[in-house]
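Chain residues, written in single-letter form:
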Amino acid sequence: DVKVTQSSRYLVKRTGEKVFLECVQDMDHENMFWYRQDPGLGLRLIYFSYDVKMKEKGDIPEGYSVSREKKERFSLILESASTNQTSMYLCASSLSRLTDTQYFGPGTRLTVL
Amino acid sequence: AQTVTQSQPEMSVQEAETVTLSCTYDTSESDYYLFWYKQPPSRQMILVIRQEAYKQQNATENRFSVNFQKAAKSFSLKISDSQLGDAAMYFCAYRSAKETSGSRLTFGEGTQLTVNP
C-alpha cells in the first residue's frame, strides 16, 4: 500500500525561526512535491524534485528551500518563518515523470506566531 | 501558464441525490490530463477520477463520472446517489502531457461539498 508520511500534523513556530517539514515515501518514487494549501486558493506548488539532489521551483518558491539527500525523503525548509507562511503544507510523490498519479501525505498545519 | 478555476466555493446535496461540481481550465496545449481529487476532513487527498484529453469518452468510476468538454475547456464532476462519506473538499487539477512538465499538477480553488441526511 502506498504511503506518504509527514513528520508533524500540527506545528507552531515563532517568527524568525528556522522550520523543517519532513516528508517520507516508501514507494521508491522518483518525484516528490511540496504544496501549500490556503482557503480560496487551492493547492499551490512550492518546489518539486525529480531525483536525489535535484530540485525545481514551483509557482511560489519565495521564502522556501528544499533538500533531497535520499530518494525517500524530501524536506521543506523555511529559513526564517514569517506569519504569512502560516498554512497547510502537503507533500506528495509520484512514480516518475511519465506517470501522473500523485499520492499525498496527511498534511502539516503550520502556525507562525 | 495553465489555470484551473472552480467557481463554486460551496455546494450542498441531499443524501441519495445527484450533484455536479464545475471546473474550467485554460491551456494552449492539446494533450493533457485532468483530475478530480477529494480531501475529506482527515485531510488525506484521494484521487477520485482521471481523464485523458485525447479520449473523447468521459471517465467513470462507480458513482463518479465526468463531463469533459474539450472545446469549452470544461471538466465537471457528477456524483450520483450521494452518500454522507462524499462530504469533502473537491479539487480539480490539470497536468500537461509534456514530459518537461514533470507531472506537476495545477489545482483549482476547491469546492466544499456538504451532504445533508
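Let us look at the structure shown here. (Residues numbered from 1 in each chain as written. Chains lettered and ligands numbered in written order. Predicted model: local features only at pLDDT ≥ 70, side-chain atom pairs only at ≥ 80, totals over all residues. Heavy atoms only, no water.)

This brings us to the overall build of chain B. A tally of regular secondary structure across chain B gives zero helices and 12 strands. When the helices and strands of chain B are read in sequence order from the N terminus, they spell out β-β-β-β-β-β-β-β-β-β-β-β. A globule of 117 residues ought to have a C-alpha radius of gyration of about 13 Å, and chain B, at 14 Å, matches this closely. The principal-axis extents of the C-alpha atoms in chain B amount to approximately 45 × 30 × 20 Å. Of all intrachain contacts in chain B linking residues separated by at least 6 positions in sequence, the fraction that spans at least 24 positions is 56%. Computing the positive centroid from 11 side-chain charges and the negative centroid from 12, chain B places the two 6 Å apart. (Helix = DSSP H or I, 4+ residues; strand = E, 2+ residues; numbered from the N terminus. Rg over C-alpha atoms; globule rule 2.2 N^0.38 Å. Contact = heavy atoms within 4.5 Å. Lys, Arg positive; Asp, Glu negative; His and termini not counted. Charge placed at Lys NZ, Arg CZ, Asp CG, Glu CD.)

Counting from both sides, the interface comprises 32 residues of chain A and, opposite them, 22 residues of chain B. Approximately 2,000 Å² of surface area, both sides summed, lies buried where chain A meets chain B, with 46% of it carried by carbon and sulfur atoms. Across the chain A-chain B interface, the total number found is one salt bridge. The shortest N-O distance in the salt bridge between Arg104 of chain B and Asp59 of chain A comes to 2.8 Å. Our count for the contact surface shared by chain A and chain B stands at eight residue pairs in polar contact (both at pLDDT 80 or more). Listed by contribution, the elements that provide at least two residues to the side of chain A that touches chain B are β4 (31-38), β5 (42-49), β9 (87-94) and β11 (108-112) of chain A. Among the residues forming the side of chain A that touches chain B, the class breakdown is 13 nonpolar, 13 polar and six charged. (Buried area = accessible area lost by both parts, 1.4 Å probe. Salt bridge = Lys/Arg side-chain N within 4 Å of Asp/Glu carboxyl O. Polar contact = N/O pair within 3.5 Å; in protein donor to acceptor, adjacent residues only side chain to side chain. Nonpolar A, V, L, I, M, F, W, Y, C, P; charged D, E, K, R; others polar.)

Once that is clear, we can look at the nonpolar core. Of all hydrophobic cores here, the largest spans 25 residues; its most connected members are Tyr25, Trp36, Phe75, Leu77 and Tyr90 of chain B. Element by element, the count of residues in this core is highest for strand β10 (residues 88-96) of chain B, at four residues. Those residues within four positions of Tyr25 of chain B in sequence are excluded, and the remaining contacts are Thr3, Val4, Tyr32, Leu34, Phe68, Gln69, Lys70, Lys73, Ser74, Phe75 and Tyr94 of chain B. Judged by nonpolar contacts, the second largest core, of 21 residues, contains Val19, Leu21, Cys91 and Leu110 of chain A. (Core = buried A, V, L, I, M, F, W, Y, C linked by side-chain atoms within 4.5 Å. Buried < 20%, exposed > 50% of the residue type's maximum accessible area, 1.4 Å probe, protein only.)

This brings us to the pattern of salt bridges. For the coordinates displayed, the defined rule picks out 12 salt bridges over all chains. A salt bridge links Lys53 of chain A to Glu69 of chain A; the shortest N-O distance between them is 2.4 Å. In this pair, Lys53 of chain A is assigned in the loop between β5 and β6 (56-57) and Glu69 of chain A in strand β7 (residues 65-70), connecting sequence segments 16 residues apart. Assigned by exposure class, Lys53 of chain A and Glu69 of chain A land together as exposed. Salt-bridge contacts for Lys55 of chain B lead to Glu52 of chain B; the nearest nitrogen and oxygen are separated by 3.2 Å. The partly exposed category is assigned to Lys55 of chain B, whose relative accessible area is 41%. Under the relative-accessibility criterion, Glu52 of chain B is labelled buried at 11%. Here the salt bridges share partners, and the residues they tie into one network are Arg36, Asp38 and Arg44 of chain A.

Turning next to the sheet that holds strand β3 (residues 19-25) of chain A. Residue and element names in this part refer to chain A. Across the sheet, which stays open at both edges, the four strands sit in the order β1-β3-β8-β7 with antiparallel pairing between neighbours. Edge positions in the sheet fall to β1 (4-6) and β7, since each of these pairs with one other strand and no more. On average, each strand axis in the sheet is inclined to that of its neighbour by 20°, with strand direction left out of account. In the sheet, β1 pairs with β3 via three bridges, with the strands oriented antiparallel. Each bridged residue has a counterpart across the sheet, and for Thr5 the counterpart in β3 is Val24. (Pairing = 2+ DSSP bridges. Axes fitted to C-alpha atoms, helices over the stretch in contact; angles between N-to-C directions.)

The full count for this structure, using the stated rule, is 16 aromatic pairs over all chains. Aromatic pair Phe104 of chain A and Phe107 of chain B: ring centres 6.3 Å apart, planes at 75°, arrangement edge-to-face. Remark: Phe107 of chain B occurs in strand β11 (residues 106-107) and Phe104 of chain A occurs in strand β10 (residues 103-104); the pair is interchain, linking two chains. The exposure classification of Phe104 of chain A matches that of Phe107 of chain B, with both residues buried. On the basis of an interplanar angle of 65° and a centroid distance of 5.3 Å, the ring pair of Tyr25 of chain B and Tyr32 of chain B is categorised as edge-to-face. Three or more aromatic residues joined by ring pairs make a cluster, and in this case those are Phe33, Tyr35, Phe48, Tyr50 and Phe104 of chain A together with Phe35, Tyr37, Phe91 and Phe107 of chain B. If you follow Arg43 of chain B out to its NZ or CZ, it ends over the ring of Tyr10 of chain A, 5.2 Å from the centre. (Phe/Tyr/Trp six-rings, centres within 6.5 Å; stacked < 30°, edge-to-face > 60°. Lys NZ or Arg CZ within 6 Å of the ring centre and 35° of its normal.)

No statement about biological role is implied by the geometric values presented.
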